[in-house]
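Examining the three-dimensional arrangement
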Amino acid sequence: MPDAPRESRRAPRARMTASQRREQLLTVSRGLFAEKGFEGTSVEEIAARAEVSKPVVYEHFGGKEGIYAVVVDREVQALTGALIGSLAESAHPKVLVERASLALLAYIETHEDGFRILVRDSPVAQATGTFSSLIGDVATQVQHLLEAQFRANGLDPRTAPLYAQMLVGMIALTGQYWLDARSPKKTEVAAHLVNLAWNGLKGMEKKPELTKPRTPGN
């Protein structure tokens, strides 16, 4: 008699260590938060995509809020490090603007999901560091650089904080646009940012005023 067919058996999956499971849950959650936002993501979805039970998620992070806070904190550290790192070494102000622009665009290119999470608002994000507060931290670094340049060029250094917010905000908003457009390439985008920022800073007036409206008959 022919031998009975053997039942095919799947090789058991290797059991993850606690740290490996934690990283897997963070990776899965990061993708879901980027896709659906904090409110649109549930613990059930995180567990299902990670192929674990809900209690495993609660065991590692205490719930959706806990895992979201860790995801946001990691992205804040990554982006803050990239931006502030680009300003760490002394250089010509124009070069510093170039570095900051490229650092943000490079972060978007390699951390697309992370950037999408940061630019969204949620109660948890406000507790751990919103994108706006992160940009404010970078603007503080830029402010100190501008103050020295303003003094050297006879401009009022007390206005440096305002210009720092303008400069960093311009780069950040352009980055949000480029996140979806992805055209032109990042080096071209950075060059255009520097073109506007540097040429604007280079020709600044000491006491700028708005154009006065014409009176009737003039």
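Residues numbered from 1 in each chain as written. Predicted model: local features only at pLDDT ≥ 70, side-chain atom pairs only at ≥ 80, totals over all residues. Heavy atoms only, no water.

Comments concerning the overall build of the protein chain
Each helix and strand counted, the protein chain has 10 helices and zero strands in total. N-terminal to C-terminal, the α/β element order of the protein chain is α-α-α-α-α-α-α-α-α-α. Each of the 218 residues in the protein chain was classed as buried or not, and the buried ones make up 37%. Approximately 13700 Å² of the protein chain is accessible, and the part contributed by carbon and sulfur atoms is 53%. (Helix = DSSP H or I, 4+ residues; strand = E, 2+ residues; numbered from the N terminus. Buried < 20%, exposed > 50% of the residue type's maximum accessible area, 1.4 Å probe, protein only. Areas by Shrake-Rupley, 256 points an atom, 1.4 Å probe, with all protein chains shown as cover.)

Observations regarding the packing of aromatic side chains
One pass over the structure, following the stated rule, counts six aromatic pairs. Considering the side-chain rings of Phe 150 and Tyr 163, the 5.5 Å spacing of their centres and the 75 degrees angle between planes classify their relative orientation as edge-to-face. Taken as a pair, Phe 150 in helix α8 (residues 131-152) and Tyr 163 in helix α9 (residues 160-181) lie far apart in primary sequence, 13 residues in all. By the burial criterion, Phe 150 is buried, and Tyr 163 matches it. These aromatic residues form a ring-pair network of at least three members: Phe 33, Phe 38 and Tyr 68. Sitting over the face of the ring of Phe 38, Lys 64 holds its NZ or CZ atom 4.3 Å from the ring centroid. Of note, Arg 182 hangs over the ring of Trp 178, and the distance from its end group to the ring centre comes to 5.0 Å. (Phe/Tyr/Trp six-rings, centres within 6.5 Å; stacked < 30°, edge-to-face > 60°. Lys NZ or Arg CZ within 6 Å of the ring centre and 35° of its normal.)

Considering the UniProt feature "DNA-binding region" (unreviewed entry) in the protein chain
The feature "DNA-binding region" (unreviewed entry), as annotated in UniProt, sits at residues 42-61 in this numbering. A helix fraction of 80% and a strand fraction of 0% characterise residues 42-61, whose end C-alpha atoms lie 13 Å from each other. (UniProt positions renumbered as here; feature names shortened; annotations may be inferred.)

Examining the packing of helix α4 (residues 64-86) against helix α5 (residues 93-110)
Contact geometry of α4 with α5 gives a least axis separation of 8 Å together with a crossing angle of 155 degrees. One way to sum up the angle between α4 and α5 is to call them roughly antiparallel. In this structure, the crossing between α4 and α5 has a hand that is right-handed. Contacts from Glu 75, Ala 78, Leu 79, Ala 82, Leu 83 and Ser 86 in α4 reach Leu 96, Arg 99, Ala 100, Ala 103, Leu 104 and Tyr 107 in α5. Each residue belonging to the contact of α4 with α5 can be placed in one class, and the counts come to nine nonpolar, one polar and two charged. (Axes fitted to C-alpha atoms, helices over the stretch in contact; angles between N-to-C directions. Parallel < 35°, antiparallel > 145°, perpendicular 65-115°, else oblique. Left-handed = near helix turned anticlockwise from the far one by under 90°. Contact = heavy atoms within 4.5 Å. Nonpolar A, V, L, I, M, F, W, Y, C, P; charged D, E, K, R; others polar.)

Focus on the layout of surface pockets
Size it by volume and the largest pocket reaches roughly 510 Å³. Residue assignment for the lining of the largest pocket shows that the elements contributing at least two residues are α5, α8, α9 and α10 (186-202). Its residues assigned to classes, the lining of the largest pocket comprises 23 nonpolar, three polar and one charged. (1 Å grid on protein atoms, 1.4 Å probe; cavity = no way out; pocket = protein on both sides within 12 Å on 5 of 7 lines; lining within 4 Å. Points joined across faces, edges and corners; volume = space filled by probe spheres on them.)

What to know about the side chain of Ser 86
Within the secondary structure layout, Ser 86 lies in helix α4. With relative accessibility at 9%, the residue Ser 86 sits in the buried group. Engagement of the side chain of Ser 86 in a polar contact is seen with the backbone oxygen of Leu 83, the distance being 2.5 Å. Those residues in contact with Ser 86, other than ones at most four positions away along the chain, are Leu 96, Arg 99, Ala 100 and Ala 103. (Polar contact = N/O pair within 3.5 Å; in protein donor to acceptor, adjacent residues only side chain to side chain.)

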